[in-house]
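# Breakdown of the fold
Listed here are the chains, written in short residue letters.
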Amino acid sequence: MTDKVKIATVSLAGCFGCHMSILDIDEKIIDLVELVEFDRSPLTDIKRVSYCDIGIIEGAVANGENVEILRDFRKHCKTLVAIGACALNGGIPAMRNHFSLKECLLESYADGMGLENLCIPNDPELPMLLNKVLPVQQVVEIDYVLPGCPPPADMIWKFFTALLEGREPEFSAQEIRYD
Amino acid sequence: MTRRISVDPISRVEGHGKITLQQNENKEITQARLHIVEFRGFEKFIQGRPYWEVPVLVQRLCGICPVSHHLAAAKATDMLTGVKQLSPTAEKMRRLMHFGQVLQSHALHFFHLSSPDLLFGFDDEVRHRNIVGIIKDFPELAKQGVLLRKYGQEVIRLTSGKRIHGTGAIPGGINKTLSTDERDSLLKDIDQIIEWASTAVGLFKNIYIEHQSYHQQFAKITTNMMSLVKPDGALELYDGGLRVKQADNNLFFDHQDPLQYLDLINEHVEPWSYMKFPFLKSLGVENGWYRVGPLARVNNCDFISTSLAELERKEFMALNNGLPVQSTLAYHWTRLIELLHCAESINELLHDPDLLAGELTVKGEMQKTGIGVIEAPRGTLFHHYEINDEGLVTKANLIVSTTHNNQAMNESIRHVASQYLSGNEITEPLLNQLEVAVRAYDPCLSCATHALGKMPLEVTLLDEEGHLIDRKHKATH
């Protein structure tokens, strides 16, 4: 158990599509769990990341909690991998950077259709939103990035197998996609 | 003196949320809340974008049910382009895509996310209570779950071009049909898929019946149920009229035009969550909340059009002598009945020659308002867009499935908190019970935070003035 490669995964401000693309390796997941052990991940009930060989980050950085979790992953993971458009360049969530945060909040909670008890949620339990959504590399150093929205499962599998076999992952120009 | 306890993040759900509890000096739980902690602002930032981008853009609300958002937005753009009726080929391709979506999402939720609680028990060891544990202890079942999900993803890929965030639906129709080879590749496995879906229903039924009193009482709340139904009252996932059924089987309204949704539903805002609280306007915020999703759809419909799923529906409805079943854990049962219905419906559609050829799109006169409503895996999904003379979005309103269940999820955790936690020392397995209740709804927290997408589960304990007493992160306990 302990000699398995330990992997932690997290989704920050994203849609979970990259995690779904990991699951799109389909039945190969049955082989994968022979080789790796999952630490903190949306698929497990482990809530805090411990020391891991590989950390996988999906999603952009949109609030204080995202920053905290991302730094925690950097601290605990030997190799940190950013997957997908949101982590890489902010993706769709960064579209809100064209507006002020206040405008976005007002639209959802005050100026929108069919609303009552208008207020901007501001409870201490809610993390502070960042004024601008950031790609992960603006917050911590990242070792690898896999582009795509989401990166295809074949690319993810090829990447994992290379890392697990101690090889440097390599992709042809045709394999690298951003859609 | 009150304690604050938190479950953060909620795990084995899509997205991030947290639960906070307040416990008074007698250890009674005086407050339990489910918080959605992220905000994305889709309704604002799609303003100024051309309407034809919207189906591709807003599906990025959610990587688990992108097709549902893609199709709800496509239906809205149909309306914007003045199209009332799609070609038979386009409608059937979209329906096939959506059956693939609901099948894969339901398989994912049951096998990958929730089955560990149901097969190992909520108090199983933390490091074992997950899909890896299922692969090790129930390899055949795990394989079936993985392959059921794969099949749904393949249906999506062949109808939309990609497994996640494809582009099959466009204003007024679709951009591809199935080739004979593509159809045959899906037909080849469909009998096996139907069989595995049947097995899954049987498996859950046995678990439910074996622990019937627990399953019936756990997190049970009595609510109205809302869903689309077909004009003949059949279960419907793609299009139809709105029905709200009350606990006594009375239809509060039926076959309401979903385009009039703003006359029926409003949303209440609370300062402690980014997720809003929808309610039926005529009943008001206190009494007007309801549930959506598989439990609501199966309770609401008069019948299911496919034979195996209809037999299962009848058996299910006998649980409460024909009245709506209110057990929260029965969500799983109905989710699997729908899984079976999707598999059977895919089989029917694959035999339809309209999928292989026909008119792809139709055209009409541009309109300023577009509303698309669909039954996503987790419940009724509303997309509403207003555009200007240049075809740019000026206003948007999205009410996603999980948001409708906001009050119900909060009521369910309150119920669990008072049933199992109140008066006790808080332990990890007790906290997992809160998550088991949330998981039953299969919340899609990314979707729900379109207003930004995510929710970890943390339980915190506050005193009566709201001061932090204790914060419990499940895994570190």
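The shown structure was predicted, so the numbers you read here are calculated from the model rather than taken from an experiment.

## Brief notes about the overall build of chain A
- Scanning chain A from N- to C-terminus turns up six helices and eight strands.
- Each principal axis of the C-alpha atoms in chain A carries an extent, and together these give about 55 × 35 × 30 Å.
- The burial tally for chain A puts 50% of its 179 residues in the buried class.

## Some points on the domain arrangement of chain B
All names here are of chain B.
- Under the domain assignment, chain B is made up of domain 1 (3-37 + 405-476) and domain 2 (83-269 + 276-355).
- Each of domain 1 and domain 2 has a C-alpha centre, and these two points are 26 Å apart.
- Contact residues are listed per partner, giving 21 residues for domain 1 and 21 residues for domain 2.
- Put simply, the parts of the chain that give the side of domain 1 that touches domain 2 at least two residues each are α15 (406-421) and α16 (428-440).
- With eight residues, α16 is the largest single contributor of residues to the side of domain 1 that touches domain 2.
- Residue classes in the side of domain 1 that touches domain 2 are distributed as nine nonpolar, seven polar and five charged.

## Describing the interface of chain A and chain B
- Counting residues at the interface gives 55 residues for chain A and 60 residues for chain B.
- Ranked by residues supplied to the side of chain A that touches chain B, first place goes to helix α5 (residues 101-109) of chain A with six residues.
- Within the side of chain A that touches chain B, the residues separate by chemical class into 30 nonpolar, twelve polar and 13 charged.
- Two elements, strand β6 (residues 115-116) of chain A and strand β9 (residues 265-268) of chain B, share two bridges in a ladder whose sense is parallel. Opposite L115 of chain A, over in β9 of chain B, you have E267 of chain B as the bridge partner.

Rules used throughout
- Residues numbered from 1 in each chain as written.
- Chains lettered and ligands numbered in written order.
- Predicted model: local features only at pLDDT ≥ 70, side-chain atom pairs only at ≥ 80, totals over all residues.
- Helix = DSSP H or I, 4+ residues; strand = E, 2+ residues; numbered from the N terminus.
- Buried ≥ 20, exposed ≤ 12 C-beta atoms within 10 Å, placed from the backbone.
- Domains from an automatic or database assignment.
- Contact = placed C-beta atoms within 7 Å.
- Nonpolar A, V, L, I, M, F, W, Y, C, P; charged D, E, K, R; others polar.
- Pairing = 2+ DSSP bridges.

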